[in-house]
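So the chains spell out like this:
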Amino acid sequence: MKIHEYQAKDLFRRYNVLVPDGQVAFSVEEAKQIAAGLGGFPVVVKAQIHAGGRGKGGGVKLAASMEEVEALAGQILGMTLITHQTGPEGKRVQKLLIEAGQKIEQELYLGLLVDRATASIVIMASRDGGMDIEQVAQKTPERIIKVYVDPLMGLQGYQIREVGFGLGLPAGAMKSFSGLLSNLYKLFVAYDSSMVEINPLILTPDDTVLALDAKVDFDSNALYRHKDLLELRDLSEEDPMEVEASRFNLNYINLEGNVGNIVNGAGLAMATMDIIKNAGATPANFMDVGGGASSEQVENAFRIILADPKVKAVLINIFGGILRCDIFAQGVVDAARKTGIRIPVVVRMEGTNVDEGKRILADAGLDLIAASDLSDAADKIAAAVN
Amino acid sequence: MSIFVNKDTRLLVQGITGNEGSFHTRQCIEYGTCVVAGVTPGKGGKMMDKVPVFNTVAQAVKGTGANASLIFVPPPFGADAIMEAADAGVAIIVAITEGIPILDMVRVKNFLAAKKCRLIGPNCPGIITPGECKIGIMPGKIHKQGSIGVVSRSGTLTYEVVDQLTKLGLGQSTCIGIGGDPVNGTNFIDVLSAFQDDDQTSAIVMVGEIGGNAEEEAAAFINANITKPVVGFIAGLTAPPGRRMGHAGAIISGSSGTGAAKIAAFRDNGIHVCENLGEIGRICKEVF
């Protein structure tokens, strides 16, 4: 689960990770009030959307006076910000973070994430703050410091020093840095974060280290033990169809193509998208109804996909293991009767009770196109949309 | 032979009295698996059909000599259940549970490093040695005894592959789903190396997906250590970056974990690549 920068900074404050003074504003008037309370200029006006690259897209500006705060807040609020992470349609800015400007001696990068290969928490740091860290890692890997923390032992003092001195911080800044990193690690573990990133982390002329930016993602599987985080979810940042699907525990991702698809199991769902592409069409979504889905889930999946105006045909691919094909077929028939089918629907089923399932589909008198195997299904779906 | 499990494996089921636990225990017994015990805290002394239920894994192991465990407990208790089995000396632990928090698994993995056991999963369909022993939720009857080893990160996708193999008369030695989570127990390399050492296995099918770099590492390992022919498939070539494709581990982060990089690693290391799932049975028939 993603949250906004201002929410991440509130969490940072709770864990004594130093951040600039500032608050979230939903209107120009609020922006001015907050700026007045900061006690001086410059003030930074930052668009709050769930995507990186906001600065380059024109969503982060420096204001030297109250007039500029007013002008910039008015300009950024309501604008559609397009960055390399938003996709071409961009995201509409609905809130701003108004923050006190900082004196910057040096910009650094600091990130924490779970390392899959070593099953540990890895701290990544670099002197190349403010840059795209992926590119730094690719072009100049020697400029990235990596320290792996044993999760059973926790972060050790020597590891903090390894990162701090590795970044070339002056000895006078080590106390500030040490406090920041150990508190950040505590926050990471306490909230089951999957990623915490500060880019840039800054060193000020008085040897203080603070987080100028803040990005935090949480492990969705662990949200059950962090009820307070659920309030931070911003549904307006998510695709409405994906929000709807998540209400029914369906794994759904909205994509750009025109072939809707419904599959049981994540791996098979990905492979089915690939098959659609191979056949010369493009998938409109990823939809995994689960390895052992109920007929109710199938029905909801069908309804959500048929409601998508860009979908011109639907491919249903089911391997019945635990989910029996006859149960599944009944779910499809029920859903089709309720919602009505106005576009071609190709059904490919295999596995437990497949003959019974095929009979149910054939007897229903619906306009479904049966496919004998995966290749046949791919050909039929491509023919239906092309 | 076969790998990890066979007709002598004595299975206990953690979470045996739950809906899924009881349903799949019956399916495993029907397949011929020797299920000797169940564990549900607070239900010790009862029976699930003909299977005695214990309060703890340690008691179940002591009472029945169980040497493998199948875990069905809900995600908040998954890590605890795995550690309980490991601490009781269970040799093979198969965790079906989907949705265990990643930091729990990070701790479990480090905890297991000091134990003599093998964890398969979590978030996996389990392991089956056709004709001998099924520990998991896969449909038993699509499998056929034979000489192809199958290893995969997925569930239904594996069934699809196995079904195609069986229909073409290609039986399997052992099929293992290692799970779709980013941090899991047994990895591709563990399984590949066991297949290499197994006399019954003459060829290997490896089914990977986007996310992480386990497939790339496995490909390099195959080049250096595996003499048996390998057919590889990768799911998710059309997946967008930054999105979690159902499995917690199936996500392209920046430039890492893409399907294209995995396919390239397969080709560079002499693995026969199948690009279209519908063809995998036929390609195996040709190659093997």
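None of these values were measured; they are calculated from a predicted model.

Rules of the game
Residues numbered from 1 in each chain as written. Chains lettered and ligands numbered in written order. Predicted model: local features only at pLDDT ≥ 70, side-chain atom pairs only at ≥ 80, totals over all residues. Helix = DSSP H or I, 4+ residues; strand = E, 2+ residues; numbered from the N terminus. Buried ≥ 20, exposed ≤ 12 C-beta atoms within 10 Å, placed from the backbone. Contact = placed C-beta atoms within 7 Å. Rg over C-alpha atoms; globule rule 2.2 N^0.38 Å. Pairing = 2+ DSSP bridges. Axes fitted to C-alpha atoms, helices over the stretch in contact; angles between N-to-C directions. Nonpolar A, V, L, I, M, F, W, Y, C, P; charged D, E, K, R; others polar. Domains from an automatic or database assignment. Core = buried A, V, L, I, M, F, W, Y, C linked by C-beta atoms within 7 Å. Expected span 1.5 Å × (residues − 1). Parallel < 35°, antiparallel > 145°, perpendicular 65-115°, else oblique. Left-handed = near helix turned anticlockwise from the far one by under 90°.

A. Summary view of the overall build of chain A. Each helix and strand in chain A was counted, giving 13 helices and 18 strands. Principal-axis analysis of the C-alpha atoms places the extent of chain A at approximately 80 × 50 × 40 Å. Burial status across chain A gives 46% buried among its 386 residues. Across chain A, every contact between residues at least 6 apart in sequence was considered, and the portion connecting residues at least 24 apart equals 69%.

B. Representation of the overall build of chain B in the model. Across its full length, chain B carries 9 helices and 14 strands. Radius of gyration (C-alpha) of chain B: 18 Å, near the 19 Å computed for a compact globule of 288 residues. Scored against the burial criterion, the 288 residues of chain B give a buried share of 58%. For chain B, the proportion of contacts with a sequence separation of at least 24, taken over those separated by at least 6, is 71%.

C. Spotlight on the sheet that holds strand β5 (residues 68-71) of chain B. All names here are of chain B. Across the sheet, 7 strands lie side by side as β3-β4-β2-β1-β5-β6-β7; this open sheet has mixed pairing. In this open sheet, the two edge strands, each paired with only one partner strand, are β3 (47-48) and β7 (118-120). Across 5 bridges, strand β1 (residues 10-14) lies against strand β2 (residues 34-39) in parallel orientation. By the bridge assignment, valine 13 is partnered in β2 with glycine 38. Sheet strands in contact with helix α2 (residues 57-64) are β1, β2, β4 (51-54) and β5, and its direction is about 145° off that of β2. Docked against the sheet, helix α3 (residues 78-87) engages β1, β5, β6 (92-95) and β7, running at close to 170° with respect to β6.

D. Representation of the interface of chain B and chain A within the structure. Listed by partner, the interface residues are 45 residues for chain B and 45 residues for chain A. Elements with a contribution of two residues or more to the side of chain B that touches chain A: α4 (102-112) and α5 (156-167) of chain B. Looking at the side of chain B that touches chain A element by element, the count peaks at 7 residues for α4 of chain B. Classifying every residue of the side of chain B that touches chain A gives 23 nonpolar, 15 polar and 7 charged.

E. Structural view of the domain arrangement of chain B. Residue and element names in this part refer to chain B. Taken domain by domain, chain B consists of domain 1 (10-120) and domain 2 (138-287). Between the C-alpha centres of domain 1 and domain 2 there is a distance of 26 Å. Taken together, the 10 residues of domain 1 in the interface contact 9 residues of domain 2. Mapped onto the side of domain 1 that touches domain 2, the elements with two or more residues apiece are α1 (19-31), α4 and β7. Element by element, the count of residues in the side of domain 1 that touches domain 2 is highest for α4, at 5 residues. Residue classes in the side of domain 1 that touches domain 2 are distributed as 7 nonpolar, 1 polar and 2 charged.

F. Quick peek at the nonpolar core. Judged by nonpolar contacts, the single largest core of 197 residues is most densely connected at Ile381 of chain A together with Ile93 of chain B. For this core, the element with the most residues is helix α9 (residues 266-278) of chain A, which contributes 8 residues. Apart from the residues within four sequence positions on either side, isoleucine 381 of chain A is in contact with Val259, Ile276, Ala279, Ala281, Ala313, Leu315 and Val346 of chain A. Core analysis: the next-biggest nonpolar cluster, separate from the first, contains 23 residues, Ala35, Ala47, Ile49 and Val93 of chain A among them.

G. Region of the structure containing unusual backbone geometry. The omega torsion of the bond from asparagine 199 of chain A to proline 200 of chain A falls at 15°, within 30 degrees of zero and hence cis. Looking at where proline 200 of chain A falls in the secondary structure, it is placed in strand β10 (residues 193-203). That bond from glycine 121 of chain B to proline 122 of chain B is cis: its omega, 5°, falls within 30 degrees of zero. Its location among the elements puts proline 122 of chain B in the loop between β7 and β8 (126-129). The backbone phi angle of asparagine 16 of chain A is positive, close to 55°, even though this residue is not glycine.

H. Inspection of the environment of isoleucine 271 of chain B at higher detail. Residues and elements named next belong to chain B. Note that isoleucine 271 resides in the loop between α8 (259-268) and β14 (272-274). The buried category is assigned to isoleucine 271, around which 23 C-beta atoms lie within 10 Å. Residues in contact with isoleucine 271, not counting those within four places in the same chain, are Ala219, Ile222, Val230, Gly232 and Phe266.

I. Inspection of the pairing of strand β15 (residues 285-288) of chain A at higher detail. All names here are of chain A. What you see with β15 is no split at all: Asn285 and Met287 on one side and Phe286 and Asp288 on the other are buried throughout. In this structure, strand β13 (residues 251-254) lies alongside β15, joined through 4 bridges in antiparallel fashion. Bridged to asparagine 254 within β15 is asparagine 285.

J. Quick look at helix α6 (residues 174-190) of chain A. Residues and elements named next belong to chain A. Spanning 17 residues, α6 covers 24 Å between terminal C-alpha atoms, matching the ideal 24 Å at 1.5 Å per step. Against the buried residues of α6 lie β7 (106-115), β8 (120-126), α5 (157-166), β10 and β11 (209-211). Positive phi shows up at aspartate 192, right after α6, with a value of about 50°.

K. Quick peek at the packing of α5 of chain A against α6 of chain A. All names here are of chain A. Interhelical geometry of α5 versus α6 gives an angle of 125° and a closest axis separation of 10 Å. When the axes of α5 and α6 are compared, the pair comes out oblique. Remark: the crossing between α5 and α6 carries right-handed chirality. Touching Ile160, Val163 and Gly164 of α5 are Met174, Phe177, Ser178, Leu181 and Ser182, all from α6.

L. The arrangement of the pairing of strand β6 (residues 96-100) of chain A in detail. Residue and element names in this part refer to chain A. Burial analysis of β6 places 4 of its 5 residues in the buried class, which makes it a mostly covered element. In terms of strand pairing, strand β1 (residues 22-25) meets β6 through 4 bridges, oriented antiparallel. Along β6, the bridge assignment pairs glycine 22 with glutamate 99. Both strand β2 (residues 43-47) and β6 contribute to a ladder of 5 bridges, which runs antiparallel. If you follow valine 44 over to β6, its bridge partner there is glutamate 99.

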